[in-house]
Amino acid sequence: MNNKQPVKVFHYLLHPYNTSLVTCCDAEGNPNIITIAWLIPVSVNPPLVGMSIGPTRFSYGLIRETGEFVINVAPYEIGSQVLFCGRRSGRDVDKFAETGLTQQEAQSVRPPIIEECVAHLECRVVQDIEAGDHHLVVGEVLAAYANRGILEENGLYRLKQVQPLFHVGRNYFTSTRSEYEKLSL
Ligand SMILES: Cc1cc2nc3c(=O)[nH]c(=O)nc-3n(C[C@H](O)[C@H](O)[C@H](O)COP(=O)(O)O)c2cc1C
């Protein structure tokens, strides 16, 4: 075990994580944006995603209030806006106004989608599980779509056209540096 070093923060060992801008709104439709890295597909049929979100976040209260949210997949180019939405609270600032990100109407939920993002998953909350200092919010995906031209015919991203945004940890981000290749069994 001499070649192993103990760590203080275990979760960074699981990063880099694809990072998204999650939109939500209050009962009057006033929107907010939260940066979320801890997102995971949990079921294909029915289509479910899991989101780990701290209950102290302003967005958590909004998501509880309306039961809806949108996962907006952020490209690397908007990394600074993603950092802003992850370091400021909607309690204090209007994140759409401050970042200049553009709202567009969603198809099946009230929170808006973000035009500068490359793909969108519109979700309705089906479960909310308290898990330590976060909650695992499970959302049913009501609609999922991507910008035209960024996907291969098999549904995978064309990484020449879209640079994903990965959170390495703290304020550090990266993207893919190469195309992917198919491995054989
Ligand atoms: C790169 C990045 C990733 C983050 N991922 C998460 C996450 O997965 N879950 C979470 O609860 N907070 C996460 N945060 C923190 C929230 O985005 C942050 O607390 C935000 O200011 C909350 O905004 P709100 O109060 O407007 O909801 C992340 C922050 C950054 C910068």
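None of the values given here were measured: they were computed from a predicted structure.

Re the nonpolar core
Residues Val 22, Ile 36, Met 51, Ile 53, Phe 69 and Ile 71 are the most contacted members of the largest nonpolar core, which totals 16 residues. Of all the secondary-structure elements, those providing two or more residues to this core are strand E2 (20-25), strand E3 (31-36), strand E5 (48-53), helix H1 (58-66), strand E6 (68-73) and strand E10 (134-146). Ala 74, Leu 101, Cys 117 and Leu 165 belong to the second-largest nonpolar core, a separate cluster that totals 11 residues.

Some details on the site of the ligand
Near the ligand there are 23 residues, and of these Thr 35, Ser 59, Arg 88, Ser 89 and Gly 90 occur at the shortest range. Note that an oxygen atom of the ligand is positioned 2.8 Å from one of the backbone N or O atoms of Arg 88. The protein chains hide 92% of the 650 Å² of surface that the ligand would expose on its own. Broken down by secondary-structure element, the contributors of at least two residues to the shell around the ligand are E3, E5, H1 and helix H2 (79-87). The residue inventory of the shell around the ligand, partitioned by class, reads nine nonpolar, 10 polar and four charged.

Section: a nonpolar patch on the surface
On the surface, Val 7, Phe 10, Leu 13 and Leu 14 cluster together into a nonpolar patch covering about 450 Å² of accessible area. Summarising the element assignment, Val 7 is placed in the segment before strand E1 (17-18).

What to know about the pattern of salt bridges
Once the charged atoms of two side chains with opposite charge are near each other, the side chains can pair. Evaluated as defined, the whole model comprises three salt bridges. When the shortest N-O distance is used, the salt bridge between Arg 158 and Glu 152 registers 3.6 Å. Residue classification places Arg 158 among the partly exposed positions, given a relative accessible area of 27%. Exposure remark for Glu 152: the relative accessible area of 32% places this residue in the partly exposed category.

The rules we used
Residues numbered from 1 in each chain as written. Predicted model: local features only at pLDDT ≥ 70, side-chain atom pairs only at ≥ 80, totals over all residues. Heavy atoms only, no water. Core = buried A, V, L, I, M, F, W, Y, C linked by side-chain atoms within 4.5 Å. Buried < 20%, exposed > 50% of the residue type's maximum accessible area, 1.4 Å probe, protein only. Helix = DSSP H or I, 4+ residues; strand = E, 2+ residues; numbered from the N terminus. Near = heavy atom within 4 Å. Polar contact = N/O pair within 3.5 Å; in protein donor to acceptor, adjacent residues only side chain to side chain. Areas by Shrake-Rupley, 256 points an atom, 1.4 Å probe, with all protein chains shown as cover. Nonpolar A, V, L, I, M, F, W, Y, C, P; charged D, E, K, R; others polar. Patch = residues over 30% accessible without salt bridge, like charges linked within 9 Å, V, L, I, M, F, W, Y side chains within 5 Å. Salt bridge = Lys/Arg side-chain N within 4 Å of Asp/Glu carboxyl O.

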